[in-house]
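For reference, the chains in residue letters:
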Amino acid sequence: MEPPQRLRVNPIACDGVGYCAEIVPELIFLDDWGFPVVDAGPITNDAVMRHARRAVATCPRLALLLTEQEEAPTARTTSRNSPTLTVAEATGAIHPPRAHSGEQSMH
Ligand code: SF4
């Protein structure tokens, strides 16, 4: 049996907006600035895995990936299994509001 996969977000590639949170709300919620905070726990539900795969496939910035690797939670991730990082902590204000650069978002 293969180890369960986990969803990850590359915060450098991600441009916010949060299209992914609409596709897989079970694993992603948006912080106050529209950036995704991802549940880094193992995905064991088939329906949630289908949603996660769809989110990865449709992310316009290729900022989402599925991996088997366990990773320490960061401010951009949280885990159902982590007693040290709560969702409330994960939403801490580490991203100041972005200044508009005039760059167009793809979504
Ligand atoms: S869809 Fe991709 S680029 Fe858009 S918020 Fe989600 S991870 Fe970031």
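This structure is a prediction, so every number in the text was calculated from the model and none was measured. (Residues numbered from 1 in each chain as written. Predicted model: local features only at pLDDT ≥ 70, side-chain atom pairs only at ≥ 80, totals over all residues.)

A short note on the overall build of the protein
Where we set the bar: The helix count covers DSSP runs of H or I at least four residues long, the strand count covers runs of E at least two residues long, and both are numbered beginning at the N terminus. Our exposure labels follow a C-beta count within 10 Å of each residue's own C-beta, placed from the backbone: buried means 20 or more other C-beta atoms, exposed means 12 or fewer, and partly exposed covers the counts in between. By the criterion used throughout, residues are in contact when their C-beta atoms, derived from the backbone, lie within 7 Å.
What the protein contains, in helices and strands, is three helices and five strands. Mapped in sequence order, the helices and strands of the protein form the string β-α-β-β-α-β-β-α. Residue burial in the protein is summarised as follows: out of 107 residues, 24% are buried. Look at the contacts in the protein between residues 6 or more apart in sequence, and 64% of them connect residues 24 or more apart.

Let's talk about the site of the ligand
For clarity, the cut-off: The rule is simple: place the C-beta atom from the backbone, and if it lies within 6 Å of a molecule or strand, the residue is near it. Charged means Asp, Glu, Lys or Arg here, nonpolar means Ala, Val, Leu, Ile, Met, Phe, Trp, Tyr, Cys or Pro, and polar covers whatever is left, Gly included.
In the vicinity of the ligand lie 14 residues, with Cys14, Tyr19, Cys20, Cys59 and Arg61 positioned nearest. Considering only residue class, the shell around the ligand consists of 10 nonpolar, two polar and two charged.

A look at the nonpolar core
Worth spelling out the cut-off: Remark: nonpolar core denotes a set of buried Ala, Val, Leu, Ile, Met, Phe, Trp, Tyr and Cys residues whose joining runs through C-beta atoms within 7 Å.
The biggest cluster of nonpolar side chains holds 18 residues, and the ones touching the most others in it are Cys20, Val24, Val38, Ala52, Ala55 and Leu64. Broken down by secondary-structure element, the contributors of at least two residues to this core are β1 (6–9), α1 (19–23), β3 (36–39) and α2 (46–58). Counting residues per element, this core draws most heavily on α2, at three residues.

Describing α2
We count it as follows: One less than the number of residues in a helix, times 1.5 Å, gives the span that helix is expected to have. Here, the arc refers to the directions that run from the helix axis to the C-beta atoms.
Spanning 13 residues, α2 covers 18 Å between terminal C-alpha atoms, matching the ideal 18 Å at 1.5 Å per step. Within the sequence span of α2, burial applies to His51, Ala52, Ala55 and Val56. Take α2 and look down its axis: the buried residues cluster within an arc of 140 degrees, on one side only. Projecting away from the buried face of α2 at angles above 90 degrees are the exposed residues Asp46, Ala47, Ala57 and Thr58. As for α2, its buried residues are in contact with β1, α1 and β4 (64–67).

Description of the confidence of the model for the protein
Inclusion rule: The predictor rates its confidence in each residue with pLDDT, a number between 0 and 100.
Looking at the protein as a whole, its pLDDT mean stands at 79, while 65% of the residues score no less than 70. Per-element confidence in the protein ranges from a low mean pLDDT of 43 for helix α3 (residues 87–90) to a high of 97 for α2. Within the model, the stretch residues 81–102 combines pLDDT values under 50 with 20 contacts to residues more than four positions away or in other chains.

Concerning unusual backbone geometry
The backbone of Val17 sits at a positive phi, close to 80 degrees, despite the residue not being glycine. By the element assignment, Val17 lies in the loop between β1 and α1. Under the C-beta neighbour-count criterion, Val17 is labelled partly exposed, with 16 such atoms within 10 Å. A positive phi angle is found at Leu62, which is not glycine, with a value near 50 degrees. Along the chain, the position of Leu62 falls in the loop between α2 and β4. Residue Leu62 is classed as exposed on the basis of its 11 C-beta neighbours within 10 Å.

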